[in-house]
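# Residue-level structure breakdown
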Amino acid sequence: MTICFMIIVNAPGSGAIQWAPLDHAAWFGFTPTDLVFPSFLFAVGNALSFSKNRLQSNGGFLGKIFKRTVIIFLLGYLMYWFPFFHRENGTWIFNPLSHTRIMGVLQRIALCYFFGAIIVHYCSKKAVVVISGCLLIGYWAFLLLFGEAGKEYTMLGNAGTRLDILILGNDHLYHDKGGPIAFDPEGLLSTLTGIVNVIGGYLAGAYIQRKGRNYESVAKLLMFGVLLICGALFFAQFFPIAKKLWTSSFVLLTVGIDLVLLGMLVYVIELKNIKWGTNFFLVFGRNSLAIYLLSELLLTCLQLIWVKPDLSFYDWINNVFYQQIFPGALGTLVFATCYMLLCWFVGYLMDKRKIYIKI
């Protein structure tokens, strides 16, 4: 479900203002789109609760997570470097490594997976909860202590941006629409709180395996989810909810919502045996990384192919088809849905042929 929605929000179409629920909150606040990325981290942690018991030796464990971390990180880096060339004044110019973004979505997933796996493997559940609390409080304290006075929660004044510029350099950060302002929503410092999303998913998965899929488990998931949501709303009075800063209140809110959603899914699918539509989403889940990479790389290609000078195929198909039939924000939603279905169809063909790409 997360991969499905992730593709939709990453390909919103063009030619009109994006449908508001499919856009991130401008800074403070929360939209349905803001739940996508933390839910992916939650799912990563949930998967850890299943794979952890199968790992044997300490060396095998470390080797496996290190290999996965490096591969996922490099895939993310290469994805941002792709297509390795760009068009400037009608000519193709090589994209220099000196101006390639280092951090990003897959890179954050890789780092959060690595540290989350280390923590849950070597620490008791009580210690894991304590470490999670320390990460959330420590991040808040770091922003207050090392951010620019009076601008601790702003885009350029927060300590995370200052740390990214110091360590990674301005040219290796995210520049929105190619502008001069460097701010990376997947920066180094805010990755610390992202680890807690992974831990939250792990604890939920471990609990379900220990207690079983029953009404008590559903009730506990819903209860803890609501408590975290309420705690997040209270915490937000002091440390605002902001996806781009990945604030501690944002983590509590997203883990809480994911627990509620997971509880509802267990109730509907496992207890009530209502499985309508589940196969559609399982297609995404069986090749999640491959389908995500396809969606990002194909989108880049559509934006690179010109129908005529300065008019990409991506903009052209939106202007002559989607915006003509579904003008305005509805057209952007319809395009995003069609693009998601195209990626799903590729995943469906892979599933039918038993092709599963795993690392």
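Just so you know, these numbers come straight off a predicted model, no measurement behind them. (Residues numbered from 1 in each chain as written. Predicted model: local features only at pLDDT ≥ 70, side-chain atom pairs only at ≥ 80, totals over all residues. Heavy atoms only, no water.)

### A closer look at the overall build of the chain
Check the secondary structure of the chain and you find 13 helices and 4 strands. Relative to its length of 359 residues, the chain is compact, with a C-alpha radius of gyration of 21 Å against a globular reference of 21 Å. Along the first, second and third principal axes, the C-alpha set of the chain runs to 60 × 55 × 45 Å. Relative to its 359 residues, the chain shows a buried fraction of 45%. Counted over contacts in the chain with a minimum sequence separation of 6, partners at least 24 positions apart contribute 72%. About 18,000 Å² of surface is accessible on the chain, with carbon and sulfur atoms providing 69% of the total. (Helix = DSSP H or I, 4+ residues; strand = E, 2+ residues; numbered from the N terminus. Rg over C-alpha atoms; globule rule 2.2 N^0.38 Å. Buried < 20%, exposed > 50% of the residue type's maximum accessible area, 1.4 Å probe, protein only. Contact = heavy atoms within 4.5 Å. Areas by Shrake-Rupley, 256 points an atom, 1.4 Å probe, with all protein chains shown as cover.)

### A look at the environment of Ser132
Inspection of the secondary structure assignment puts Ser132 in helix α5 (residues 125–146). For the pair Ser132 and Leu299, spaced 167 residues apart in sequence, the C-alpha to C-alpha distance is 36 Å. Excluding residues that lie within four positions of it along the chain, Ser132 makes contacts with Val196 and Ile199.

### Some thoughts on helix α7 (residues 191–211)
Its 21 residues place the ends of α7 31 Å apart at the C-alpha level, agreeing with the 30 Å of an ideal helix rising 1.5 Å per residue. Of all 21 residues in α7, 16 are buried; the element is thus mostly enclosed. One or two steps after α7, the chain reaches Gly212, where phi turns positive at roughly 90 degrees. (Expected span 1.5 Å × (residues − 1).)

### Section: the domain arrangement of the chain
Many descriptions give the size of an interface as the accessible area lost when the pieces come together. Taken domain by domain, the chain comprises domain 1 (1–30 + 275–358) and domain 2 (51–274). Put simply, the middle of domain 1 and the middle of domain 2, counted by C-alpha atoms, are 23 Å apart. The largest contributions to the domain 1 side of the interface with domain 2 come from Trp27, Phe30 and Lys275, which together make up 33% of the buried area. Remark: the boundary between domain 1 and domain 2 carries 0 salt bridges. One can count 3 residue pairs in polar contact (both at pLDDT 80 or more) joining domain 1 with domain 2. A total of 8 residues in the side of domain 1 that touches domain 2 trace back to one element, the largest contributor, which is helix α11 (residues 288–304). The class makeup of the residues in the side of domain 1 that touches domain 2 is 14 nonpolar, 4 polar and 2 charged. (Domains from an automatic or database assignment. Buried area = accessible area lost by both parts, 1.4 Å probe. Salt bridge = Lys/Arg side-chain N within 4 Å of Asp/Glu carboxyl O. Polar contact = N/O pair within 3.5 Å; in protein donor to acceptor, adjacent residues only side chain to side chain. Nonpolar A, V, L, I, M, F, W, Y, C, P; charged D, E, K, R; others polar.)

### Side note on unusual backbone geometry
The omega torsion of the bond from Phe82 to Pro83 falls at 5 degrees, within 30 degrees of zero and hence cis. Checked against the element boundaries, Pro83 lands in the loop between α3 (58–81) and β1 (85–88). Backbone geometry at Asn273 places phi at a positive 55 degrees, although glycine is not the residue there. Residue classification places Asn273 among the exposed positions, given a relative accessible area of 54%. Positive phi is not limited to glycine here, since Lys354 has a value of about 55 degrees. Along the chain, the position of Lys354 falls in the segment after α13 (329–352).

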